[in-house]
Number of protein chains: 2
Amino acid sequence: MATEKPYVIGLDLGGTNSVFGIVDAEGKILELGKIKTGAYETFNEWLDASLECLKPMIEKVGGINNIKAMGAGAPNGNFYNGTIEFAPNLKWGKGLVPFAKAFSEKLGIPCYLTNDANAAALGEMKYGTARAMKDFIVITLGTGVGSGIVINGKMVYGCDGFAGELGHVIAVRGKNGRQCGCGATGCLETYCSATGVARTAREILKKSDEPSLLRKLKPEEITSLDVSIAAGKGDKIAKEIFQFTGTLLGEMLADFTKFSSPEAYIFFGGLTKAGDLLMNPIKEAYDKNCMPIFKGKAKILVSELPDADAAVLGASALAW
Amino acid sequence: MATEKPYVIGLDLGGTNSVFGIVDAEGKILELGKIKTGAYETFNEWLDASLECLKPMIEKVGGINNIKAMGAGAPNGNFYNGTIEFAPNLKWGKGLVPFAKAFSEKLGIPCYLTNDANAAALGEMKYGTARAMKDFIVITLGTGVGSGIVINGKMVYGCDGFAGELGHVIAVRGKNGRQCGCGATGCLETYCSATGVARTAREILKKSDEPSLLRKLKPEEITSLDVSIAAGKGDKIAKEIFQFTGTLLGEMLADFTKFSSPEAYIFFGGLTKAGDLLMNPIKEAYDKNCMPIFKGKAKILVSELPDADAAVLGASALAW
């Protein structure tokens, strides 16, 4: 008699890291492994490294026969057909990558794929802040800006599986908008991702002579974490950078509310470490740009799940 | 033995006209009546005039005992609680109007309310272009700009009943944006409604000396229909007005696709009479502003239902 296989694999595939977890039915992560996404030139090289990383993890839980399926969250991951399509933040993601098919064949178990931000939203819905919510939007502020939209308790995939690309909504129209990896200019992600914040830092430092802790660093090496740390120490320029970033995010959130009027926005990812320095300007700009009927309604929250875990858990939720 | 009541009332409440229909189960409109929305200072005056208009219609179909319920589409109509809330385009809609309750009490039958654009979307889904679609957005181009969003075959109401206010998404950011009735500046509706097109006409005529058929009219009396007629005759300025309007709409549609990736956009309302003069620039700007994964996918269509009927039928669909 066959018994139910007790584990699944969850993969959080980000622009920087690929994090694998083996997860049980209660959401406990038994094994965790990681490789650098950007260290591989082709999908096949990355796939080989992934399988190498997974091999000892799978052995530790008693072999592949104990694993039911794999769920993955990846940039431009398509839930409907299991391919990664034209992902601008992945070196090897420019074309059409047969992601789910490749893992299914190599591991011999079913593999399901979705957008990385959708996976984060699934994680919030199953284990996190959104457990009791039917209408919410998760916005991931990492290397890029992603989003997972839940309406009436269901993930929004759209007609083609690619709904929820809010990082590419145009935040700054016209010729002054920053060039984005997607080909457009002015995308939200070019301003409000970790890399966008670093870019803002370089621009603001160049424009003024105001003293700043950030001037001790080489401009091209400044990260959003450096800006967080400087702002935490009261650095005026660093605070101005978060004010600018949060205001832009809040303005866009006010527009998103006109679309689906969610109960909450849940922010997730590295940039949320800036805390109130980022959240306060978001809330101010949101309320300032909302229609009267929406003012003060939507909750603007930070995920309470640890970054990597939520994405891995969310991805694993796809696999059950 | 009680027999099923054979009819419902549908009401399309627009900024200009309030159109009542009595509709049978096959979607045939048996009686049609209309009053001017703007001719009344208070909700109670408008309500009295509405009941006056409905009375002979109801008698003609054999009295109120033949009518099961009433469905209404109105600006800022809230499906969840039956009130019209802070509707900027209604003289008597600034506060909280107990709409469904008032009709239920006066007529003695249940009354259901939704957004006027949601009603149009329900009409498209039941009788129109969207019959086979699960993901589409109806955009109404009338006195204002409204929208009804259907995802996974269900109307999107959001956490509070007010989702789908795409007419108030900010199309032009910053101080140059036009003042909107909602309090914000730069809303899509201030540019791409019938009144927005007339406003664009006045602005463009003032800025240039280019000859135009529109110069024969008093600037304050120009309507979007005048612009359509002039453009149809090849008038350069009139065509420029639609080029501007369509480009802005297409740009915003490209952003909406990043949200829910619908199978189609269906335009509805007076402005669609401009035909390809408006639709071609919409399609061009849409494709130009879409991410590669979305290019050329979504259908951009004009409703095939007659304006008033679709809204009345959609509203009536709520009542069954």
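Provided above is the structure to which this section pertains.
What comes next concerns the included structure. (Residues numbered from 1 in each chain as written. Chains lettered and ligands numbered in written order. Predicted model: local features only at pLDDT ≥ 70, side-chain atom pairs only at ≥ 80, totals over all residues. Heavy atoms only, no water.)

1. A word on the overall build of chain A
Item 1. Within chain A one finds 9 helices and 12 strands.
Item 2. In terms of overall dimensions, chain A is globule-like: its C-alpha atoms have a radius of gyration of 20 Å, near the 20 Å expected for 320 residues.
Item 3. Projected onto its principal axes, the C-alpha positions of chain A cover 70 × 45 × 35 Å.
Item 4. Across the 320 residues of chain A, 58% fall into the buried class.
Item 5. Across chain A, every contact between residues at least 6 apart in sequence was considered, and the portion connecting residues at least 24 apart equals 61%.
Item 6. Here chain A displays about 13100 Å² of accessible surface, and carbon together with sulfur accounts for 53% of that area.
Item 7. Here chain A carries 35 positive and 35 negative side-chain charges, and the mean point of each set is 3 Å from the other. (Helix = DSSP H or I, 4+ residues; strand = E, 2+ residues; numbered from the N terminus. Rg over C-alpha atoms; globule rule 2.2 N^0.38 Å. Buried < 20%, exposed > 50% of the residue type's maximum accessible area, 1.4 Å probe, protein only. Contact = heavy atoms within 4.5 Å. Areas by Shrake-Rupley, 256 points an atom, 1.4 Å probe, with all protein chains shown as cover. Lys, Arg positive; Asp, Glu negative; His and termini not counted. Charge placed at Lys NZ, Arg CZ, Asp CG, Glu CD.)

2. Points about the packing of aromatic side chains
Item 1. As enumerated under the stated definition, the model contains 28 aromatic pairs over all chains in all.
Item 2. Between the aromatic rings of Tyr191(A) and Phe244(A), the centroid separation amounts to 6.2 Å while the plane-to-plane angle is 55 degrees, which identifies the pairing as tilted. One end of the pair, Tyr191(A), is in helix α4 (residues 189-192); the other, Phe244(A), is in helix α7 (residues 236-260), and 53 residues separate them in sequence.
Item 3. Judged by its relative accessible area of 34%, Phe244(A) is partly exposed.
Item 4. Note on Trp46(B) and Phe99(B): the rings are 6.0 Å apart at their centroids and 35 degrees apart in plane angle, and the pair reads as tilted. Of this pair, Trp46(B) sits in helix α1 (residues 43-60) while Phe99(B) sits in helix α2 (residues 99-107), and the two are 53 residues apart along the sequence.
Item 5. Judged by relative accessible area, Trp46(B) falls into the buried class, the value being 0%. (Phe/Tyr/Trp six-rings, centres within 6.5 Å; stacked < 30°, edge-to-face > 60°.)

3. Remarks on a positive patch on the surface
Item 1. Taken together, the side chains of Lys134(A), Lys154(A), Lys134(B) and Lys154(B) make up a positively charged region of the molecular surface.
Item 2. Within the secondary structure layout, Lys134(A) lies in the loop between α3 (116-127) and β8 (136-141). (Patch = residues over 30% accessible without salt bridge, like charges linked within 9 Å, V, L, I, M, F, W, Y side chains within 5 Å. Salt bridge = Lys/Arg side-chain N within 4 Å of Asp/Glu carboxyl O.)

4. Let's talk about the sheet that holds strand β7 (residues 111-115) of chain B
All names here are of chain B.
Item 1. Strand order in the open sheet formed by 5 strands is β3-β2-β1-β4-β7, with mixed pairing between adjacent strands. Only two strands of the sheet have a single partner each, and these edge strands are β3 (29-36) and β7. Between one strand and the next, the sheet's axes are offset by a mean angle of 15 degrees, whatever the strand orientation.
Item 2. Inspection of the sheet shows strand β4 (residues 67-74) paired to β7 by 5 bridges, in the parallel sense. By the bridge assignment, Ala74 is partnered in β7 with Asn115.
Item 3. Sheet strands in contact with α1 are β1 (7-13), β2 (17-24), β3 and β4, and its direction is about 160 degrees off that of β3.
Item 4. On the sheet, helix α3 (residues 116-127) packs against β1, β4 and β7 and is oriented at approximately 100 degrees with respect to β7. (Pairing = 2+ DSSP bridges. Axes fitted to C-alpha atoms, helices over the stretch in contact; angles between N-to-C directions.)

5. Digging into the packing of helix α1 (residues 43-60) of chain A against helix α2 (residues 99-107) of chain A
Residue and element names in this part refer to chain A.
Item 1. With their axes 12 Å apart at the nearest point, α1 and α2 run at an angle of 45 degrees to one another. One element, α1, and the other, α2, form an angle in the oblique class. When you trace α1 past α2, the crossing you get is right-handed. Contact residues: α1 offers Phe43, Trp46, Leu47, Ser50, Leu51, Leu54 and Ile58, while α2 offers Phe99, Ala102, Phe103, Lys106 and Leu107.
Item 2. Its residues assigned to classes, the contact of α1 with α2 comprises 10 nonpolar, 1 polar and 1 charged. (Parallel < 35°, antiparallel > 145°, perpendicular 65-115°, else oblique. Left-handed = near helix turned anticlockwise from the far one by under 90°. Nonpolar A, V, L, I, M, F, W, Y, C, P; charged D, E, K, R; others polar.)

6. A closer look at the pattern of salt bridges
Item 1. Taken as a whole, this structure holds 20 salt bridges over all chains when the rule is applied.
Item 2. Taking the shortest distance from any N to any O, the salt bridge between Lys101(A) and Glu105(A) comes out at 3.4 Å. Pair noted here: Lys101(A) and Glu105(A) are both in helix α2, with a separation of 4 residues, about one helical turn. Across the pair, exposure class does not vary: Lys101(A) and Glu105(A) are exposed alike.
Item 3. Lys297(B) is the salt-bridge partner of Asp160(A), the closest N and O atoms lying 2.7 Å from each other. On the criterion of chain membership, the pair formed by Asp160(A) in the loop between β10 (154-155) and α4 and Lys297(B) in the loop between α8 (276-289) and β12 (299-302) is interchain, its members lying in two chains.
Item 4. For Asp160(A), a relative accessible area of 10% puts it in the buried group.
Item 5. Through salt bridges that share partners, Arg173(A), Glu251(B), Asp255(B) and Lys258(B) make up one connected network.

7. Things to note about the state of the cysteines
Residue and element names in this part refer to chain A.
Item 1. On inspection of all chains with the given rule, the structure shows 0 disulfides over all chains.
Item 2. There is no disulfide at Cys180, and the cysteine sulfur nearest it, in Cys187, is 3.8 Å away.
Item 3. Residue classification places Cys180 among the buried residues on the basis of a relative accessible area of 5%.
Item 4. The closest cysteine sulfur to the non-disulfide-bonded Cys182 is located on Cys187, 3.7 Å from its own sulfur. (Disulfide = S-S within 2.5 Å.)

8. Considerations on the environment of Lys154(A)
Item 1. Position of Lys154(A) relative to the elements: it lies in strand β10.
Item 2. The class of Lys154(A) is exposed, set by a relative accessible area of 53%.
Item 3. Taking the C-alpha atoms as reference, Lys154(A) lies 24 Å from Phe99(A); in sequence the two are 55 residues apart.
Item 4. With near-sequence residues (within four places) excluded, Lys154(A) lies in contact with Ile149(A) and Asn152(B).

9. Here we look at the relation of the copies chain B and chain A
Item 1. Note on the identical chains: chain B maps onto chain A by a rotation of 180 degrees and an axial translation of 0.0 Å, with an RMSD of 0.0 Å. Here the two chains are linked by the operation of a two-fold rotation axis.
Item 2. The fraction of interface residues of chain B whose copies in chain A are also interface residues reaches 100%, indicating that both copies meet through the same surface. (Least-squares fit on C-alpha atoms with pLDDT ≥ 70 in both.)

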